[in-house]
There are 2 protein chains.
Amino acid sequence: MSDLIKAEIMTIGDEILFGQITDTNTQWIGTELTRLGIRPIRKTSVGDQTADILSAIGEALLRADVLIITGGLGPTKDDITKKTLCEFFDTTLEINEVALSLITDFFTKRGREMTELNRQQAALPKVCTYLQNDWGTAPGMWFEKDGKIIVSLPGVPFEMKALMTHRVLPALKAYFNPPLIIHKIIKTIGIGESFLAETIESWEDSLPLHIKLAYLPHFGQVRLRLTASGTNADQLNQDLEEEVTRVLPLISQYVYGYDAEELESLIGSMLIKEQATLSIAESCTGGFVSQKITSVSGSSRYFEGSVISYSNAVKMESLGVSESDLIQYGAVSEQTVKAMAEGVRKKLNTTYGLATSGIAGPDGGTPEKPVGTVWIACATPEFTTARLLKLSNHRSVNIELASAYVLDLLRKSILQTAHA
Amino acid sequence: MSDLIKAEIMTIGDEILFGQITDTNTQWIGTELTRLGIRPIRKTSVGDQTADILSAIGEALLRADVLIITGGLGPTKDDITKKTLCEFFDTTLEINEVALSLITDFFTKRGREMTELNRQQAALPKVCTYLQNDWGTAPGMWFEKDGKIIVSLPGVPFEMKALMTHRVLPALKAYFNPPLIIHKIIKTIGIGESFLAETIESWEDSLPLHIKLAYLPHFGQVRLRLTASGTNADQLNQDLEEEVTRVLPLISQYVYGYDAEELESLIGSMLIKEQATLSIAESCTGGFVSQKITSVSGSSRYFEGSVISYSNAVKMESLGVSESDLIQYGAVSEQTVKAMAEGVRKKLNTTYGLATSGIAGPDGGTPEKPVGTVWIACATPEFTTARLLKLSNHRSVNIELASAYVLDLLRKSILQTAHA
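All values reported here derive from a predicted model rather than from experimental measurement.

Quick word on the domain arrangement of chain A
In many reports, interface size means the accessible area that the parts give up when they come together. Residues and elements named next belong to chain A. For chain A, the domain assignment lists domain 1 (5-176), domain 2 (180-258) and domain 3 (263-419). Taken over C-alpha atoms, the centre of domain 2 sits 30 Å from the centre of domain 3. On the domain 3 side, the residues contacting the 8 residues of domain 2 number 10 residues. Counting each side, the surface lost to burial between domain 2 and domain 3 is near 780 Å², with a carbon and sulfur contribution of 68%. When the buried area of domain 2 at its contact with domain 3 is split by residue, I189, F219 and Y256 rank highest and sum to 71% of it. Viewed at the interface, domain 3 and domain 2 are joined by 0 salt bridges. Taken together, the connections running from domain 2 to domain 3 amount to 0 residue pairs in polar contact (both at pLDDT 80 or more). For the side of domain 2 that touches domain 3, the per-class residue count stands at 4 nonpolar, 4 polar and no charged.

Some thoughts on the packing of helix α13 (residues 312-319) of chain A against helix α15 (residues 334-347) of chain A
Residue and element names in this part refer to chain A. In the contact formed by α13 and α15, the axes pass within 9 Å of each other and the chain directions differ by 40°. On the basis of the axis angle, α13 is oblique to α15. With respect to the hand of their crossing, α13 and α15 are arranged in left-handed fashion. Two secondary-structure elements touch here, α13 through K315, E317, S318 and L319 and α15 through T336, A339, M340, G343, V344 and K347. Here the residues of the contact of α13 with α15 are counted per class, giving 4 nonpolar, 3 polar and 3 charged.

Here's the deal with the nonpolar core
In terms of nonpolar packing, the biggest core is built from 68 residues, with L278 and L354 of chain A together with L278 and L354 of chain B touching the most fellow members. With residues up to four places along the chain from it excluded, the contact list for L278 of chain B reads L271, I293, Y302, F303, E304, G305, T350, Y352, L354 and L410 of chain B. Core analysis: the second largest hydrophobic core is formed by 39 residues, V321 and V371 of chain A together with V337 and A386 of chain B among them.

Comments concerning the sheet that holds strand β12 (residues 255-258) of chain A
The strands making up a sheet associate through backbone hydrogen bonding, with each pair oriented either parallel or antiparallel. Residues and elements named next belong to chain A. Taken together, the 4 strands give an open sheet; going across it, the order is β10-β11-β9-β12, and neighbouring strands pair in antiparallel fashion. Two strands bound the open sheet, and with one partner strand each, they are β10 (211-218) and β12. Here the strands of the sheet are splayed against their neighbours by 25° on average, with no regard to which way each runs. With 10 bridges connecting them, strand β9 (residues 180-189) and strand β11 (residues 221-230) associate as antiparallel partners. The residue of β11 that forms the bridge with I189 is Q221.

A few points about the interface of chain B and chain A
Contact residues are listed per partner, giving 78 residues for chain B and 76 residues for chain A. For the pair chain B and chain A, the two sides together bury roughly 5700 Å², of which 51% comes from carbon and sulfur. Of the charged contacts in the structure, one is a salt bridge between E59 of chain A and R63 of chain B, with a shortest N-O distance of 3.3 Å. Taken together, chain B and chain A are joined by 28 residue pairs in polar contact (both at pLDDT 80 or more). Considering each element in turn, the side of chain B that touches chain A owes the most residues, 8 residues, to strand β2 (residues 39-46) of chain B. Looking at the side of chain B that touches chain A, its residues break down into 28 nonpolar, 32 polar and 18 charged. Across 5 bridges, the pairing between strand β2 (residues 39-46) of chain A and β2 of chain B is antiparallel. For S45 of chain A, the partnering residue across the bridge sits in β2 of chain B and is K43 of chain B.

A closer look at the UniProt feature "domain: MoaB/Mog" (unreviewed entry) in chain A
Here the UniProt feature "domain: MoaB/Mog" (unreviewed entry) sits at residues 8-174 of chain A. Overall, residues 8-174 of chain A shows 44% helix and 23% strand. The separation of its end C-alpha atoms is 19 Å.

Quick look at the sheet that holds strand β11 (residues 221-230) of chain B
Residues and elements named next belong to chain B. In space, the 4 strands of this open sheet follow the order β10-β11-β9-β12, with antiparallel pairing throughout. Of all the strands in the sheet, just β10 (211-218) and β12 (255-258) have a single pairing partner and so form its edges. Neighbouring strand axes in the sheet, compared pairwise and without regard to direction, differ in orientation by 20° on average. Two elements, strand β9 (residues 180-189) and β12, share 3 bridges in a ladder whose sense is antiparallel. Following the sheet pairing, T188 is matched in β12 by V255.

A closer look at the pairing of strand β17 (residues 384-390) of chain A
Bridging between strand β16 (residues 373-379) of chain A and β17 of chain A involves 7 bridges; their strand directions are antiparallel. Opposite A377 of chain A, over in β17 of chain A, you have A386 of chain A as the bridge partner.

Section: the side chain of S279 of chain B
All names here are of chain B. With respect to the helices, strands and loops of the structure, S279 is situated in strand β13 (residues 278-282). Assessed through its relative accessible area of 0%, S279 is described here as buried. Within polar-contact distance, the side chain of S279 engages the side chain of T350 at 2.8 Å.

Things to note about the packing of aromatic side chains
All names here are of chain A. Enumeration over the complete set of coordinates arrives at 12 aromatic pairs over all chains. For the ring pair F106 and F107, a centre distance of 5.6 Å and an interplane angle of 70° mean the geometry is edge-to-face. Accessibility classification places F106 together with F107 in one group, the buried group. An aromatic cluster of three or more residues is present, and its members are F88, F89 and F143. Lying across the ring of F106, R110 places its NZ or CZ 3.7 Å from the centre. The ring of Y405 carries R387 above its face, with NZ or CZ at 5.5 Å from the centroid.

Regarding the pattern of salt bridges
Counted according to the given criterion, the structure contains 27 salt bridges over all chains. For R42 of chain B, the salt bridge is made with E59 of chain A, and the minimal N-O distance between the two is 3.3 Å. Pair noted here: R42 of chain B is in strand β2 and E59 of chain A is in helix α3 (residues 50-63), and the two residues belong to different chains. As a salt-bridge pair, R411 of chain A and D408 of chain A come within 2.8 Å of each other at their nearest N and O atoms. A residue pair is termed a helical-turn pair when its members lie 3 or 4 positions apart in one helix, as R411 of chain A and D408 of chain A do in helix α16 (residues 395-419) at 3 residues. We classify R411 of chain A as buried; its relative accessible area is 6%. Taken together, the salt bridges that share partners define one network made up of E8, R42 and R63 of chain A together with E59 of chain B.

Describing the packing of helix α2 (residues 25-36) of chain B against helix α7 (residues 157-176) of chain B
Residue and element names in this part refer to chain B. Interaxial distance between α2 and α7 falls to 11 Å at its minimum, and their mutual angle equals 20°. When the axis of α2 is compared with that of α7, the two are roughly parallel. The handedness of the crossing between α2 and α7 comes out as right-handed. In this structure, α2 contributes N25, W28, I29, E32, L33 and L36 to the contact, and α7 contributes P157, M160, K161, M164, T165, L169, L172 and K173. Split into classes, the residues belonging to the contact of α2 with α7 amount to 9 nonpolar, 2 polar and 3 charged.

Re the side chain of T373 of chain B
All names here are of chain B. Looking at where T373 falls in the secondary structure, it is placed in strand β16 (residues 373-379). Judged by relative accessible area, T373 falls into the buried class, the value being 9%. Among the polar contacts made by the side chain of T373, one reaches the main-chain carbonyl oxygen of P370 at a distance of 2.6 Å. In this view, T373 contacts V332, G358, I359, L388 and L389; residues no more than four positions away in its chain are not counted.

Brief notes about the confidence of the model for chain A
Scored by pLDDT, chain A has a mean of 92; 99% of the residues are at 70 or more. Scored by ipTM, the complex comes to 0.77, with pTM at 0.78.

A short note on the pairing of β13 of chain B
Residues and elements named next belong to chain B. Counting buried positions along β13 yields 5 of 5 residues, so the element is predominantly enclosed. Side-chain alternation along β13 places L278, I280 and E282 on one buried face and S279 and A281 on a second face that is also buried. As defined by bridge partners, β13 adjoins strand β14 (residues 303-309) across 5 bridges and the pair is classed as parallel. Counted as the bridge partner of L278 is F303 from β14. Summarising the sheet, β13 and strand β15 (residues 352-358) pair through 5 bridges and their orientation is parallel. Bridge pairing in β15 places E282 opposite T356.

Reading the values: rules and limits
Residues numbered from 1 in each chain as written. Chains lettered and ligands numbered in written order. Predicted model: local features only at pLDDT ≥ 70, side-chain atom pairs only at ≥ 80, totals over all residues. Heavy atoms only, no water. Domains from an automatic or database assignment. Contact = heavy atoms within 4.5 Å. Buried area = accessible area lost by both parts, 1.4 Å probe. Salt bridge = Lys/Arg side-chain N within 4 Å of Asp/Glu carboxyl O. Polar contact = N/O pair within 3.5 Å; in protein donor to acceptor, adjacent residues only side chain to side chain. Nonpolar A, V, L, I, M, F, W, Y, C, P; charged D, E, K, R; others polar. Axes fitted to C-alpha atoms, helices over the stretch in contact; angles between N-to-C directions. Helix = DSSP H or I, 4+ residues; strand = E, 2+ residues; numbered from the N terminus. Parallel < 35°, antiparallel > 145°, perpendicular 65-115°, else oblique. Left-handed = near helix turned anticlockwise from the far one by under 90°. Core = buried A, V, L, I, M, F, W, Y, C linked by side-chain atoms within 4.5 Å. Buried < 20%, exposed > 50% of the residue type's maximum accessible area, 1.4 Å probe, protein only. Pairing = 2+ DSSP bridges. UniProt positions renumbered as here; feature names shortened; annotations may be inferred. Phe/Tyr/Trp six-rings, centres within 6.5 Å; stacked < 30°, edge-to-face > 60°. Lys NZ or Arg CZ within 6 Å of the ring centre and 35° of its normal. pLDDT = per-residue confidence, 0-100.

Below, the structure written as structure tokens:
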């Protein structure tokens, strides 16, 4: 690894140092650089003070070949990254006409007034290469100095990610031509990290040296990331496919997809393939499941709608749950969640109906039904399946987990129906 | 600000640099230090390499009076913080008997076998003061060098937080007796950052030297953070209140809350105060608004439920939108969104009814109604208000923005109704 390419990731802004905003950018950038074969060796956050920023940049370039800077590019007085970069590179600002026309369009399209501050966002250090931002008003900047690369990007996560993905990562790959690194991600749901690790231990121990395994757990799902490094892309892809084929028999019932494929988009393609439609009745998840389904563009092709029945009145009137069931078994019960799934399926006239009913917490728990008790159900043309989940004490975690598990229940139900 | 006490926060571990785990520690530590009146000036993350850690610590002590280090204290071989600290302070490890007895208890209580690795966790650098960890097996360490403080803590968030709260923060306060720093956050919605900046420019320019202003934008909202530093808490709070009183008339129609208050929880308390209830009809936001409302624990007190009407069939059958309106004006229209808000309010029998209908994208746009065209409405006992939004080309952004704006529309409608 003598030709290891080292990167430093820098965020600028008092709000990060003072803990007033959560920095999700540097984790994402670290993941992407690693995937590209560039090694992050340092992360640095500095405040909005010119001297601190200047020294931090100077120090970074003594350590790293690439410096990715985010933040401090807003139009307001407290954003000083551009001025500071001018000082560092001993240059001045000049209006970039392409950037200016893009910013002008941005405001015209929205019928919003453009201020002088907005216009100044098109002013860039003379020595930089402009990275076109089609996603917002703060331009990206690319600098070269003594064979090292300095990139400055806006801190708004989706603008930063778009600029990294479409401008910076391809340019870094072209500039440094880092050693080839290829990833294959196996996505599992419904099996814990440690149990998964035990299940595939012998396979993991037998992995060839040029393939590394990482466990990436996230709300009831565990992603297995295989990383192969070498020089021949075809060979590496073939090696990865062989390992997937070897491990799959051990965990097939937990695997739902690969690489960037999300559970909700996978379900979308399954429903389109079956020419099936979906409706959802949500209680404890409060709209989270529907929001996941509709986060997929084109979901209107198979998603009819949902009833979020927080109150029993809505469960009865909009879903046809019987009052006697609610009294006898309660809202959080197998009977009620099945009635909800079948009710919404009938009411909205869809192929499948999903339902959730539980105690998300922090209040509402009882000795028999503690916080984290959640029933989920899926109604199909042939059958209705319900499952009891025993989750955590944390409201947001319970909502995330219940939503992931009910989507997996739908996936399995579609598979059964399709093969029935 | 000559007696400003500066802090650096350092995390140790490859997993953070490579983006494999989310670092929540440094945000929490930054908040707590700021609250104490100690100014975080730098955050640094380094990997598990001795040389990198040594140089990072050396650099930090040139800048800061306090260095808080987390991570690298686990029992396994790749955790090298303690060895490295011995090297930095030119000392050696020795077993701390108090720590050893605590660790022994820890394993005895859990009926687990204690390994030599666990025993070695009680070995500490001779020159450090032991910070008793009653919450786990990795001891905290306190070092003094040339009037500067170096603290090393485990990376496990709840152990780190307990040690900071009960050991480190009180000790830092006693050692430095820091000047006060007090924050006041004004939360606005519905006005862009640059337009807001121009609106309050004269006020911003007239701020006293001991009060600083920062703009924190997030999906249609901009938080204004005022930071006052001095010695007298009452005086600083009074100064901040005076500035809020001065700026409020300029932006009152955009201000919805202060400090930690979120829009959805503010709405919750307003509804409880009015003994009012809420229902929601969502089309383009697909459940996002309901999910925001139900993210607040106790929301079942005022939230009855929602109808997510993705298809026109559901808009007609579950919300009573007239087919002729849908044909004449389309689903994305003032007529339809008002009918949705009034329909869900009537159907679910609530005080207020909210509705969204728009083209989130990326598909479905037309020349008359491009992607980003969103209608929002709020129905009250007295009136129904609708608003047209022209948002972006990005589905997820449009969903976030439309949700924020419709919640703000509800807030304004509640205020009007309450004062009607």
